[in-house]
Amino acid sequence: MKTCLRYVITYVLLILLALFMMGPFLWLLSVSLMPGRNVFANPPAILPTFIAFDNYVQVWEFMEFPRYIMNTVVITLLGVVFNIVLSCLTAYPLAVFRFKGRNLVFTLLISTMVIPSATAMIVHYLTIQAFNLGNTFLGVVLPAAVSVFNIFLMRQTFLGIPVDIRDSGKMDGASEFRIFVQLVMPLVKPGIAVIGLLEVMAFWNNFLWPIVVLDDPQKYPLAAALTYLNGQFSYNFGWIAAGTMISVLPIIIVFLFTQKYYMEGIAGAIKG
Amino acid sequence: MYKAIRSESFTAWAFMAPGLLFLAVFTFWPIIYGIPLSFTDYSVITETHYVGLDNFTRAFKDHNFLVSLWNSLVYVLIVPVIQLLSILMAILVNSRIPGVKMFRAAYYIPVVTSMVAVALIWSWLLGNNGVVNYLLLKAGVLSEQVSWLSTSSTALYVLMFITMWKGLGYYMMLYLAGLQGIPADLYEAARVDGAGPLRMIVHVTIPLLRPHILFCTLISVMGAIRVFDEVYILTKGGPGTSTLTSSVYIFQKGLEQFNFGYASALGLIVSVLVGALSVLVFRLNRKGGVNSY
């Protein structure tokens, strides 16, 4: 009886919280499926009386979504590849090699975490202009091509690999690079998956830096295009709602399919 | 032996070279370059001059900048404390009952979606004729509509609410990881001693979560100082200067008005304050005997 009551209370609380966290998204979905209704009508439209996909069709035709989706995919892929390659390469020696300056590198990396630079964006802007990368996808990606956080995460993963692996590779006469690529990398796939996912989310959702770097709105990724859409059609709620759903759904789907790795990775990150 | 170590050292640097190069250009360089820049009037448009400490004296007389620092401070004092709610969420989703994983995922979805989408949704929900006013009026909590985001006295708190709402799931996951590391026999022992659920939370769960609470407070404090997206999308610092946070003000001065020199000086001031604050939090962290990071 007592456990039964406990179950009921727990479920009630869980459902209330779910309404609080998911409610806004469900409402957005509902608005996007209501043709020609104003979200600010009185009383506000909460549930659709009938479901129609008009908003999706119209905004899709109007906004050139395939282009924005392509932009986002290119930026995200570039960002993820850069981050995986660079953070693995940087973290590996910090985990397994013994060399002079190792502690220095490590301290330098940590210090950037403690002292955030509010001016970074201004200098990034100047740097990107100096490299002539303004208005390019590379300009969007490069400032975030590697992060100290990812290096830490990968270092932690490399530390968990038995030393014997490297020794046995050496015994067979393999070069350090070959040992790294053929023996070590396959063992850290879960770690790679985690930083990959974190960066997919980060690059997919990034909006401010792309707006700063890209002069041409045609090159905007989805999140940036969304602010553009909101500025241009602030009266057409159905369209904006549909556009927002289109931009949000892929990342939610990616998350739902990969949540196991993702959540383990987030949890593992603080144990580091 | 000596030669072996030397070649190992060479290989190590060769491995790290590309990553360190990027870090040098995009992480270390901005920190270094921001310092000389803040002693100039660099602005792209006019010729650059060395102006000494002018930017700094100007900053401390700049009413808007001081207001923005104050708003950031309010953010830092309030948001990390409210984030502690996520401990209760974590305790709930740590129950061993069917379907609980579904709830975990649901609570995490605001974390993975973009702030642009989140801000857009909430700006509608919070509009004059929006759902929030409608529900609060119906429930009798409000007697008239409130324009949450365009009233000076509420706007900052609304933004804090949105920041918190988006972050709750993230902190929940961190605490959940902590909860799963607490041995079950501790609860068993407490139960034998006749402790109820609430006492177990206060006397077993919270003390054992201390490292996690400190870690989450630290990242939440850092996040609250850097808060930008939600403010920039929803209010641009307005109405008036009621939601102007320091990062938004620096962005306006730097990348909207192209006063790079002045913006760098502001950035430097904020960085020093943040640096001092993080040293403080780290110190507190150490005193607690925690070495989780």
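Look above for the structure.
Remember, predicted model here, so these are calculated numbers, not experimental data.

The rules behind these values
Residues numbered from 1 in each chain as written. Chains lettered and ligands numbered in written order. Predicted model: local features only at pLDDT ≥ 70, side-chain atom pairs only at ≥ 80, totals over all residues. Heavy atoms only, no water. Helix = DSSP H or I, 4+ residues; strand = E, 2+ residues; numbered from the N terminus. Rg over C-alpha atoms; globule rule 2.2 N^0.38 Å. Buried < 20%, exposed > 50% of the residue type's maximum accessible area, 1.4 Å probe, protein only. Contact = heavy atoms within 4.5 Å. Areas by Shrake-Rupley, 256 points an atom, 1.4 Å probe, with all protein chains shown as cover. Lys, Arg positive; Asp, Glu negative; His and termini not counted. Charge placed at Lys NZ, Arg CZ, Asp CG, Glu CD. Arc of directions from axis to C-beta. Phe/Tyr/Trp six-rings, centres within 6.5 Å; stacked < 30°, edge-to-face > 60°. Lys NZ or Arg CZ within 6 Å of the ring centre and 35° of its normal. Buried area = accessible area lost by both parts, 1.4 Å probe. Salt bridge = Lys/Arg side-chain N within 4 Å of Asp/Glu carboxyl O. Nonpolar A, V, L, I, M, F, W, Y, C, P; charged D, E, K, R; others polar. Axes fitted to C-alpha atoms, helices over the stretch in contact; angles between N-to-C directions. Left-handed = near helix turned anticlockwise from the far one by under 90°. Polar contact = N/O pair within 3.5 Å; in protein donor to acceptor, adjacent residues only side chain to side chain. Parallel < 35°, antiparallel > 145°, perpendicular 65-115°, else oblique.

> Can you explain the overall build of chain B? Please cite residues and give values.
Across its full length, chain B holds 14 helices and 0 strands. Ordered by position from the N terminus, the helices and strands of chain B form the series α-α-α-α-α-α-α-α-α-α-α-α-α-α. The C-alpha atoms of chain B give a radius of gyration of 24 Å, which is well past the 19 Å a tight globule of 293 residues would have. Reported as C-alpha extents along the three principal axes, the dimensions of chain B are approximately 80 × 75 × 30 Å. Counting all 293 residues of chain B, 53% fall into the buried class. Within chain B, residue pairs in contact and separated by at least 24 positions form 65% of the contacts whose partners lie at least 6 positions apart. In the form shown here, chain B has an accessible surface area of approximately 13,900 Å², with 66% of it arising from carbon and sulfur atoms. When the 18 positive and 12 negative side-chain charges of chain B are each reduced to one mean point, those points stand 9 Å apart.

> Can you explain the overall build of chain A? Please cite residues and give values.
Looking only at helices and strands, chain A has 13 helices and 0 strands in total. Element order for chain A, N to C, with α for helix and β for strand: α-α-α-α-α-α-α-α-α-α-α-α-α. Since a compact globule built from 272 residues should have a radius of gyration of about 19 Å, the 24 Å found for chain A marks it as more spread out than a globular shape. Each principal axis of the C-alpha atoms in chain A carries an extent, and together these give about 75 × 70 × 35 Å. Across the 272 residues that make up chain A, the buried fraction comes to 51%. Once local pairs closer than 6 in sequence are excluded, the contacts in chain A between residues at least 24 apart make up 70%. Carbon together with sulfur atoms contributes 68% to the accessible area of chain A, which is approximately 12,900 Å² in total.

> Go over helix H9 (residues 176-184) of chain A with me, naming the residues and quoting the values.
The set of residues buried in H9(A) consists of A:Glu176, A:Ile179, A:Phe180 and A:Val184. Each buried residue of H9(A) lies within a common arc of 100 degrees when the element is viewed along its axis, so the set occupies one face.

> Could you give an account of helix H2 (residues 54-63) of chain A, naming the residues involved and the relevant values?
Residues and elements named next belong to chain A. Among the residues of H2, Asn55, Tyr56, Val59 and Met63 are the ones counted as buried. Relative to the axis of H2, the buried residues are bounded by an arc of 95 degrees and lie together on one face. Downstream of H2 by a residue or two, glutamate 64 has a phi angle that is positive, lying close to 55 degrees.

> For the packing of aromatic side chains, give the residues involved together with the corresponding values.
What the rule picks out here adds up to 37 aromatic pairs over all chains. Arranged with centres 5.3 Å apart and planes meeting at 90 degrees, the rings of A:Phe106 and A:Phe152 form a pair that is edge-to-face. Of this pair, A:Phe106 sits in helix H4 (residues 102-114) while A:Phe152 is found in helix H7 (residues 148-159), placing the two residues 46 residues apart along the sequence. Through a chain of ring-to-ring contacts, the aromatic side chains of A:Tyr92, A:Phe97, A:Phe158, A:Phe177, A:Phe180 and B:Phe15 assemble into a single cluster. Taking the ring centre of A:Tyr261 as reference, the NZ or CZ of A:Lys260 above it sits at 5.7 Å.

> Which residues make up the interface of chain B and chain A, and what are the values?
Every contact between the two is made by 89 residues of chain B and, on the other side, 96 residues of chain A. Taking both partners together, chain B and chain A bury about 8,100 Å²; carbon and sulfur atoms supply 82% of that area. The largest share of the area that chain B buries against chain A comes from B:Phe15, B:Phe26 and B:Trp124, three residues that together contribute 11% of it. A:Arg166 serves as the salt-bridge partner of B:Glu8, at 3.0 Å between the closest nitrogen and oxygen. For the side of chain B that touches chain A, the element with the highest residue contribution is helix H1 (residues 2-37) of chain B, accounting for 23 residues. Residues of the side of chain B that touches chain A, tallied by class, amount to 63 nonpolar, 19 polar and 7 charged.

> Go over unusual backbone geometry, please, and point to the residues and values.
With an omega of -5 degrees, the peptide bond running from B:Gly238 to B:Pro239 counts as cis. Among the secondary structure elements, B:Pro239 is positioned in the loop between helix H12 (229-234) and helix H13 (246-256). For A:Asn132, which is not glycine, the phi torsion reads 65 degrees and is therefore positive. Inspection of the secondary structure assignment puts A:Asn132 in the loop between helix H5 (120-130) and helix H6 (137-141). For A:Asn132, a relative accessible area of 66% translates into the label exposed.

> So what's going on with the packing of helix H3 (residues 65-96) of chain A against helix H10 (residues 189-205) of chain A? Residues and values would help.
Residue and element names in this part refer to chain A. It is the contact of H3 with H10, at a shortest axis distance of 9 Å, that shows an interaxial angle of 145 degrees. When the axes of H3 and H10 are compared, the crossing they make is right-handed. Two secondary-structure elements touch here, H3 through Thr72, Val73, Ile75, Thr76, Gly79, Val80, Asn83, Ile84, Ser87 and Cys88 and H10 through Ile192, Ile195, Gly196, Glu199, Val200, Phe203 and Trp204. Residues of the contact of H3 with H10, tallied by class, amount to 10 nonpolar, 6 polar and 1 charged.

> Kindly report on the pattern of salt bridges, identifying the contributing residues and their values.
Tallied over the full model, the rule gives 5 salt bridges over all chains. What you see here is one network of salt bridges that share partners, running through A:Arg166, A:Lys170, A:Glu176 and B:Glu8.

> Give me the side chain of B:Ser43: which residues, what numbers.
Residue and element names in this part refer to chain B. Mapped onto the elements, serine 43 comes out in the loop between H1 and helix H2 (54-61). A polar contact of 3.2 Å, which involves the side chain of serine 43, links it to the side chain of threonine 46. Here serine 43 is in contact with Phe258, Asn259 and Phe260, once residues within four sequence places are set aside.

> Describe the packing of helix H6 (residues 115-125) of chain B against helix H8 (residues 152-180) of chain B, listing the residues and the values that go with them.
Residues and elements named next belong to chain B. Interaxial distance between H6 and H8 falls to 11 Å at its minimum, and their mutual angle equals 130 degrees. Regarding the angle of H6 to H8, the classification is oblique. Both H6 and H8 take part in a crossing whose hand is right-handed. Taking contact as the criterion, the partners of Met115, Val118 and Trp122 in H6 are, on H8, Phe161, Ile162, Trp165 and Lys166. Classifying every residue of the contact of H6 with H8 by side-chain character gives 6 nonpolar, no polar and 1 charged.

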